[in-house]
Amino acid sequence: MSITRRQLFTGIAKAGIPAAVAVTVGTDILHAGEPIPVPSAAVGLLYDASVCIGCKACVAACAEANDTPPDTRRDALHQAPEDLNDLTRNVIKLYKPEDGSAFSFVKRQCMHCLDPACAAGCPFQALHKNPESGIVEWDASKCIGCRYCTITCPYHIPRFQWVGFNPRVTKCELCKDRLAKGLKPGCTSVCPTGAVIFGPRSVLLLEAKQRIAKNPGRYYQNRVYGEFDNGGTQSLYLSKVPFEKLGLPELGPESVPARTLRWQRRFYQYFALPAVLYAGLVQVIRTSLKGHEQEAHEREKETGLRAQLEGATMSATTTNATATTRAATTSAPSNRWERNVPVYGFPVVNGFSLGLLALILVAFALSGYRELAGLGPVSGMNDAYGWGIWKTFNLMVLTALGSGAFAVGIAAWVFRRKRLHALMRMALLTSFLAYACGLLLLGIDAGRPWNFYWIVFPWRWNMHSPLAEVAICMSIYAMIPLAVENIPPVLERLWYFDSRLRPGVERIEKGLHYFFPWIIAAAYLLPGMHQSSLGALMLLAGERVHPLWQTPWLPVLYLGAATFMSFGCVAGTTMLCCLMWKRAMDMEVLDEAARITSWLIFGWMGLRLLDILFRGAIGTAFHFDRFAGVFWLEMILISVGALLLRRSVRDHAPQPMFVGYILSSLGGMIYRFSPTTLAFRPNPQALYFPATIEVLVSLGFISLGILGFLVAVKRFAILPAPLSEWHDMASYFRFRRPYIRWTGYFKYGHFGEDETPEASGSD
Amino acid sequence: MGTFETVPIHLATPPDTYPPIFSTEGQFKVGAAALVGAIAGAVGGASWVASQRFQSSMEAGTTRIAADRAHAEKAKASSEKPAGREKEEN
């Protein structure tokens, strides 16, 4: 009994989705609005800014208690840290308004939130909340040095050690070693005025409220900061000036993770929804695969290609069939892409590829230096901008361009846009290279890559962390489904170029064919998950991302941008290849791709603009600042790109199509780059600009992808071409037989021309 | 050996005793900016040149097919040569 797509979706809707929704959403509804539980023996600090005299005894005591050397980097003589850093877990700062009104000191250290964003984001639970004391602790053995904690903490507390090959994340852990010995934290043991005191959180709250009651009108809003703010913190503050002036943002009563990751947590709860989606995808793809194969066989029979493929030993019959086909194709040349044909007649090694190789070698050498020297000396990253272009460009932006295997594949297999099958191998190759290079660079970017082995221990994963989801999903996707999907061109090459390997190749093909629906379904589900999670990464950054970009829809918008950008990358690259190697362009396929891309863009832009309107953030788009500038640049590029694509579909013109892809992809790149960099506002005084070495390493890894692409299209049947191209490749190699025989490089004899078994044997 | 060493004091008082609430972090690097500009220019320029060449790419595609046809005809003629002669050539 066959099942139609409509029946399948109806079936899923009737049975699967309600079940999954009940499981994933139901439990959350039960817990909605409940306060975050306070650990049984929660301890903390109470800092009263109104009695702090700024003596900095706490700063010196902290350094002594934690055995950190004095931070004299600002001045060789004095211990005067400018901020929290790898040597400073506690600092006294001064708020001094220009108008001469009341000034205030403020002590900055970890807030020990009841629901800490740093721990919520930490992929392998290196940062975790002690279940008894509630102290947010850091475990060196689990930290991979991703610095996501520095991005997510709304108080900008965790700091990274930028120099050295074994960097640490530094933050106040309430002197847990001293607590174990029955001592108080260093800072509280020396304060001469009682400005900072230590104790159980409940006692500290009582003390704070007593101080407010005894001194009416002294404290700002008669409020204890941290009682409810950000879901509650274990470091509590009293101040006479607004808390925001002291660098304590107004975050509301709900914690940042609870507020921002609600949907992410529901979607991934028990993996119920992803499992339902996966099962549905497998069914759809099985049906599509069957139909597609049948059609392909019929088409091959029609063109004579089937006989040619099946009779590569070239019997008289197949030779005749080939001759007939050739006659047919030569008499009626067509641009229709029928097969994938390697780029032949162009050397793999040329000046351009050697230039790329040089850039790659430079990048590898600099990567080695980075491993020894640390991230600071080679990059422009700093405590405010913990992520540089290796993550924000090479990973966030380039994997979006490399999502073609996902976007084009779904259009071809699930939505049955059959013409797009011609682009599939290009999509798969570009995706594989973009992901492989992105993941390699992620390894270089990680401060403590040796701890990556935690990825194979699921019980160590932080299932609520978008970064864990990205790291796990992306690695599995690139190493299994995407790699397997790229095997057929390799098998095809082995089959054609060495007859001895054929039985083995056929056996592998049979096995692959059996598992293909499951592999393809995984290849669509996993990127859907991690490309949206790349957007969810910045949800945890909360108000630090500009409101034009910060939205609960960020995961959907990130995924949407990846789909249209990847269409642009696949179709644009194919067009460029056709131009470069003088291949005919099948405008029917390209029109179809452009049509889909333009509608994807219109849908995406509609969602983006409606979201901005409904959140009331549209006013910020008309401020005269860099954020508005970036927003309009991005919107103009994407919309002009989409309009050009529409025009190209109408006129069947490749030029506006190519320009449309370039502009829309560029706009999409700016969009994907913005939340982490251009629209990220960790601190009004902070700046990030990549260092020269950082740019060279980034360029080297992009070059690696380009070189990999050039080698692959020249060695494997990747680039789509008309059937005549296949025959011409056969002629090409036949004419060059002496040269090929001399080099022994190609076992050329299996292109289906007039090769005889004897001739093959003589090679 | 002396019991102490003198330290050259170049600043009698601490620099800025109390840092401000928001400290300055990161800096703009001219060399890196030039490199980024050069890469962006090269990519942009290459894209512009390519887009100009697409103007006539449709005709180029057709020409290519015509050339291929001629090439194929030549190949066909050559394949019709006696097998022995071909072997000699090889």
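The shown structure was predicted, so the numbers you read here are calculated from the model rather than taken from an experiment.

Participant: Any details on the overall build of chain B? Residues and values, ideally.
Facilitator: Regarding its fold elements, chain B presents 3 helices and 0 strands. Its helices and strands taken in sequence order, chain B reads α-α-α from the N to the C terminus. Burial status across chain B gives 19% buried among its 90 residues. Total accessible area computed for chain B in this model is approximately 6,400 Å², and 61% of it derives from carbon and sulfur atoms.

Participant: So what's going on with the overall build of chain A? Residues and values would help.
Facilitator: Along its length, chain A carries 29 helices and 11 strands. Classification of the 763 residues of chain A by burial places 59% in the buried group. Pairs at least 24 apart in sequence give 76% of the contacts found in chain A among residues at least 6 apart.

Participant: Describe the packing of aromatic side chains, and please don't skip the residues or the numbers.
Facilitator: Evaluated as defined, the whole model comprises 29 aromatic pairs over all chains. Relative to Phe243(A), the ring of Tyr225(A) lies with its centre 5.1 Å away and its plane at 50 degrees, an arrangement referred to as tilted. Of this pair, Tyr225(A) sits in the loop between helix H7 (201–214) and strand S9 (235–238) while Phe243(A) sits in the loop between S9 and helix H8 (256–260); the two residues are 18 residues apart in sequence, bridging distant segments of the chain. Summarising the burial analysis for this pair, Tyr225(A) and Phe243(A) share the class buried. Chaining the aromatic ring pairs together yields one cluster made of Tyr155(A), Tyr220(A), Tyr225(A) and Phe243(A). Taking the ring centre of Tyr18(B) as reference, the NZ or CZ of Lys56(A) above it sits at 5.0 Å. For the cation-ring pair, Arg681(A) lies above Phe627(A), with the distance from its terminal atom to the ring centre recorded as 6.0 Å.

Participant: For a nonpolar patch on the surface, give the residues involved together with the corresponding values.
Facilitator: All names here are of chain A. A contiguous nonpolar surface patch, about 380 Å² in accessible area, is contributed by Val-349, Leu-354, Leu-357 and Leu-361. With respect to the secondary-structure elements, Leu-361 resides in helix H13 (residues 351–373). The class of Leu-361 is exposed, set by a relative accessible area of 54%.

Participant: An account of the sheet that holds strand S8 (residues 196–200) of chain A is needed here, citing residue identities and associated values.
Facilitator: Residue and element names in this part refer to chain A. Read across the open sheet, the 3 strands follow the order S8-S1-S9; overall the sheet is mixed. Both edges of this open sheet fall to S8 and S9, since each of them pairs with a single strand only. Geometrically, the sheet is characterised by an average inter-axis angle of 20 degrees between neighbouring strands, direction not taken into account. Strand direction decides the pairing type here: strand S1 (residues 43–48) and S8, joined by 5 bridges, are antiparallel. The residue bridging Leu-45 from the neighbouring strand is Phe-198, located in S8.

Participant: Lay out unusual backbone geometry with the relevant residues and their values.
Facilitator: All names here are of chain A. Of note, the phi angle at His-156 is positive, near 55 degrees, even though the residue is not glycine. His-156 gets classed as buried once you look at its relative accessible area, which sits at 10%. The phi dihedral of Arg-416 is positive, around 55 degrees, even though this residue is not glycine. Within the fold, Arg-416 resides in the loop between helix H16 (404–414) and helix H17 (424–445).

Participant: How would you summarise the state of the cysteines if you had to cite specific residues and measurements?
Facilitator: Each disulfide consists of one covalent bond between the sulfur atoms belonging to two cysteines. Applying the stated rule across the entire model yields 0 disulfides over all chains. Left unpaired, Cys437(A) is separated from the closest cysteine sulfur, that of Cys569(A), by 12 Å.

Participant: Quick rundown of the pattern of salt bridges? Include the residues and the values.
Facilitator: Working definition: two side chains of opposite charge can pair if their charged atoms are close together. All names here are of chain A. What the rule picks out here adds up to 27 salt bridges over all chains. The shortest N-O distance in the salt bridge between Arg-89 and Glu-173 comes to 3.8 Å. Highlighted residues: Arg-89 in the loop between helix H2 (57–65) and strand S2 (91–95) and Glu-173 in the loop between strand S7 (169–170) and helix H5 (176–180), separated in sequence by 84 residues. Judged by relative accessible area, Arg-89 falls into the buried class, the value being 17%. Residue classification places Glu-173 among the buried positions, given a relative accessible area of 12%. If you follow the salt bridges from partner to partner, you end up with Arg-417, Arg-419, Glu-588, Glu-592 and Arg-595 in one network.

Participant: Could you give an account of the environment of Asn350(A), naming the residues involved and the relevant values?
Facilitator: Residue and element names in this part refer to chain A. Note that Asn-350 resides in the loop between strand S10 (339–340) and H13. Judged by relative accessible area, Asn-350 falls into the partly exposed class, the value being 28%. Separated by 72 residues in the primary sequence, Asn-350 and Ala-422 have C-alpha atoms spaced 28 Å apart. One polar contact links the side chain of Asn-350 to the main-chain amide nitrogen of Ser-353, over a distance of 2.8 Å.

Participant: Go over H16(A), please, and point to the residues and values.
Facilitator: Residues and elements named next belong to chain A. With respect to burial, H16 is a largely interior element, 11 of its 11 residues being buried. Residues of H16 that are buried: Gly-404, Ala-405, Phe-406, Ala-407, Val-408, Gly-409, Ile-410, Ala-411, Ala-412, Trp-413 and Val-414. Following H16 by one or two positions, Arg-416 adopts a phi angle in the positive range, close to 55 degrees.

Participant: With reference to specific residues and values, describe the nonpolar core.
Facilitator: All names here are of chain A. With 172 residues, the main nonpolar core has Trp-390, Leu-420, Tyr-524 and Trp-549 as its most contacted residues. With 15 residues, the top contributor of residues to this core is helix H21 (residues 502–537). Not counting chain neighbours up to four residues away, the residues in contact with Leu-420 comprise Val-408, Ala-411, Ala-412, Phe-567, Val-589, Glu-592, Ala-593 and Ile-596. Membership of the second largest hydrophobic core comes to 34 residues, among which are Phe-105, Cys-153, Tyr-237 and Val-241.

Participant: An account of the side chain of His156(A) is needed here, citing residue identities and associated values.
Facilitator: One can find His156(A) in the loop between helix H4 (148–152) and strand S6 (159–160). Those residues in contact with His156(A) that sit more than four places away from it in its chain are Leu84(A), Thr150(A), Asp383(A), Ala384(A), Arg544(A) and Glu25(B).

Participant: Describe the side chain of Asp591(A), naming the residues involved and giving the relevant values.
Facilitator: Residues and elements named next belong to chain A. Within the secondary structure, Asp-591 sits in helix H23 (residues 587–615). No salt bridge is formed by the buried Asp-591; its nearest oppositely charged neighbour, Arg-595, is found at 5.4 Å. Within the structure, the side chain of Asp-591 is placed 2.4 Å from the side chain of His-652, a separation counted as a polar contact. Not counting the four nearest positions on each side in its chain, Asp-591 is found in contact with Ser-648, Val-649, His-652 and Met-657.

Participant: Lay out the confidence of the model for chain B with the relevant residues and their values.
Facilitator: Residue and element names in this part refer to chain B. Summing up the model confidence of chain B, the mean pLDDT is 71 and the portion of residues at 70 or higher is 47%. Summarising per-element confidence for chain B, the mean pLDDT is lowest in helix H3 (residues 83–89) (43) and highest in helix H1 (residues 30–53) (93). With pLDDT under 50 throughout, residues 82–90 is counted as low confidence; its partners more than four residues away or in other chains account for 6 contacts. If you check the scores for this complex, the pTM reads 0.85 and the ipTM reads 0.81.

The rules behind each value
Counting restarts for each chain, with residues numbered from 1 along the sequence as it is written. Here the convention is simple: chains get letters from A, ligands get numbers from 1, in the order in which they are written. Local features in this predicted model are restricted to residues whose pLDDT is 70 or higher, and side-chain atom pairs enter the listing and the counts only when it is 80 or higher, whereas totals over whole chains, interfaces and linings include all residues. Each side-chain value is worked out from all heavy atoms of the structure, with water and hydrogens disregarded. In this description a helix means any DSSP run of H or I spanning at least four residues, a strand means any run of E spanning at least two, and both kinds are numbered starting from the N terminus. Burial status follows relative accessibility: with a 1.4 Å probe on protein chains alone, a residue under 20% of its type maximum counts as buried, one over 50% as exposed, and anything between as partly exposed. Calculation of accessible area relied on Shrake-Rupley with a 1.4 Å probe; when residues are assessed, cover is drawn exclusively from the protein chains displayed. The contact rule is simple, with two residues in contact once any of their heavy atoms fall within 4.5 Å. Centres within 6.5 Å make a pair out of two Phe, Tyr or Trp rings, where for Trp the six-membered ring is used; the pair is then stacked when the planes are under 30 degrees apart, edge-to-face when over 60, and tilted otherwise. Note on criteria: charge over ring means Lys NZ or Arg CZ within 6 Å of the ring centre, with the direction from the centre no more than 35 degrees off the ring normal. Only residues whose relative accessible area exceeds 30% and that form no salt bridge are eligible for patches; like-charged ones are grouped when within 9 Å, while nonpolar side chains (Val, Leu, Ile, Met, Phe, Trp, Tyr) are grouped when within 5 Å. Salt bridge, as used here: a side-chain nitrogen of Lys or Arg that lies within 4 Å of a carboxyl oxygen of Asp or Glu. Here, a strand pair is defined by DSSP locating no fewer than two bridges between the strands. Only the stretch in contact is used when fitting a helix axis, every axis being a line fitted to C-alpha atoms; angles between N-to-C directions are given from 0 to 180 degrees. Put simply, a disulfide is two cysteine sulfurs that come within 2.5 Å. Residues adjacent in sequence count toward polar contacts only when both atoms are side-chain atoms; beyond that, a polar contact is any pair of N or O atoms within 3.5 Å, and within protein one must be able to donate a hydrogen and the other to accept it. Among buried residues, the Ala, Val, Leu, Ile, Met, Phe, Trp, Tyr and Cys ones that are joined through side-chain atoms within 4.5 Å form a nonpolar core. For the purpose of charge, His is not counted, nor are the chain termini; Lys and Arg are scored as positive and Asp and Glu as negative. Confidence of the prediction at every residue is given by pLDDT, a number between 0 and 100.

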